[in-house]
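Chain residues, written in single-letter form:
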Number of protein chains: 2
Amino acid sequence: MKRSDPKSHCPINFSLEAFGDTWSLLIIRDIVYFGKNTYGEFIESEERISSNILASRLAHLELKGILVKKPHATDKRKEVYFLSDKGLDLIPILLELAGWGALYDPETDAPQNWISAVKADRESMIRLIRDTVRNGGSIFSGPDSVVSKLAIT
Amino acid sequence: MKRSDPKSHCPINFSLEAFGDTWSLLIIRDIVYFGKNTYGEFIESEERISSNILASRLAHLELKGILVKKPHATDKRKEVYFLSDKGLDLIPILLELAGWGALYDPETDAPQNWISAVKADRESMIRLIRDTVRNGGSIFSGPDSVVSKLAIT
DNA sequence: CAATATAACTTGCATTATGAAAGTAATAAT
DNA sequence: ATTATTACTTTCATAATGCAAGTTATATTG
């Protein structure tokens, strides 16, 4: 799946080797934007990742220290995936990717209010998202979502 | 090489489909950080992209409107690749990827002074890089490089 | 000016990654 | 006790990648 020796120690290449495949950032997006954290939730995403690829990406992200897997508190069938601090540090990258995509996709799903809110006060938004996600919340989903805290329509 | 219909209109997915493969951002890095702009210069990069993949990625990035190809002014064998405005808008993403990689790779090649300088004044640094690259310069290479303008050691 | 070199690719083919579908083992719900 | 869920794994076909060796046009060198 992935080569073990790095192609270079260029910091951009290091990042790409850690999470720069087709699917990893979509999994991380699901956690940060939509509050997903189980295999079953990830596999429901609209991009339709296949089950074997999802399993390999989750394992890779865990190996890289970006995700942490814990048994579910009450349901022993479930595993719950969280972002480590290293994973939470990907939030600025997600925001930039979303900003570029929202700007150039004429059919984007991104709410313009949200994109504007991020541009208007980036640093404090990063802090708010980080704290929210660390506590199990997300940007768009759940009662403690970032958008509900900020009352973004 | 790439599917033509988008998997979704999630802005993050849109970005990943445009430049989110293993090599595209390394080509763009070569332009922005090192002032490369020909096939022969890209193929010399330390990550050792193969010639057919380089050709396919250049074609894809041109198709997506991120790169623009022009014949070389004096040498008719050469083609010169530039970033369009859409491509220049990827600079913030490169900076974030580099910041994360520099933070987490203990053997990173990234100069700490540079990483700190970007963190210290991100917005004006983005403007300076953008203007420099638009005029054919780069962050690290050439007489008009960003680091020489700023006298970063 | 003829021969060689360079630049930007392309082609062929082996290897590897991806993706769809079906299967499995453990636990939970009925 | 039976059925349903959950998180994977396995199998196999297809597609992407990567290496090596062309190819064509233009430039350089003796």
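Okay, so let's go over this structure. Keep in mind the model is a prediction, meaning the values are calculated, not measured. (Residues numbered from 1 in each chain as written. Chains lettered and ligands numbered in written order. Predicted model: local features only at pLDDT ≥ 70, side-chain atom pairs only at ≥ 80, totals over all residues. Heavy atoms only, no water.)

## Observations concerning the side chain of Arg 29 of chain A
One can find Arg 29 of chain A in helix H2 (residues 24-34). Its relative accessible area of 3% is what places Arg 29 of chain A among the buried residues. Side chain to side chain, Arg 29 of chain A and Glu 47 of chain A meet in a polar contact 2.7 Å long. Setting aside chain neighbours within four positions, we find Arg 29 of chain A in contact with Phe 34, Ser 45, Glu 47 and Leu 94 of chain A together with Cys 10 and Ile 12 of chain B. (Helix = DSSP H or I, 4+ residues; strand = E, 2+ residues; numbered from the N terminus. Buried < 20%, exposed > 50% of the residue type's maximum accessible area, 1.4 Å probe, protein only. Polar contact = N/O pair within 3.5 Å; in protein donor to acceptor, adjacent residues only side chain to side chain. Contact = heavy atoms within 4.5 Å.)

## Considerations on the relation of the copies chain A and chain B
Between chain A and chain B, which share one sequence, the superposing operator has a rotation angle of 180 degrees and an axial displacement of 0.0 Å; the RMSD is 0.0 Å. The two molecules are tied by a two-fold rotation axis, judged by turn and shift. Comparing interface residues between copies, 100% of those in chain A also sit at the interface in chain B, which points to an isologous, same-surface contact. (Least-squares fit on C-alpha atoms with pLDDT ≥ 70 in both.)

## Considering the pattern of salt bridges
Counted according to the given criterion, the structure contains 24 salt bridges over all chains. Arg 134 of chain A is the salt-bridge partner of Asp 131 of chain A, the closest N and O atoms lying 4.0 Å from each other. Here the residue Asp 131 of chain A and the residue Arg 134 of chain A both occupy positions in helix H8 (residues 122-134), the gap between them amounting to 3 residues, near one helical turn. Relative accessible area serves as the criterion here: at 46%, Arg 134 of chain A is assigned to the partly exposed category. We note a salt bridge from Glu 47 of chain B to Arg 29 of chain B, for which the minimum N-O separation is 2.7 Å. Of the two residues, Glu 47 of chain B is situated in the loop between helix H3 (39-43) and helix H4 (51-63) and Arg 29 of chain B in helix H2 (residues 24-34); the sequence distance between them amounts to 18 residues. One network of salt bridges, with partners in common, ties together Glu 96, Arg 122 and Glu 123 of chain A together with Glu 96, Arg 122 and Glu 123 of chain B. (Salt bridge = Lys/Arg side-chain N within 4 Å of Asp/Glu carboxyl O.)

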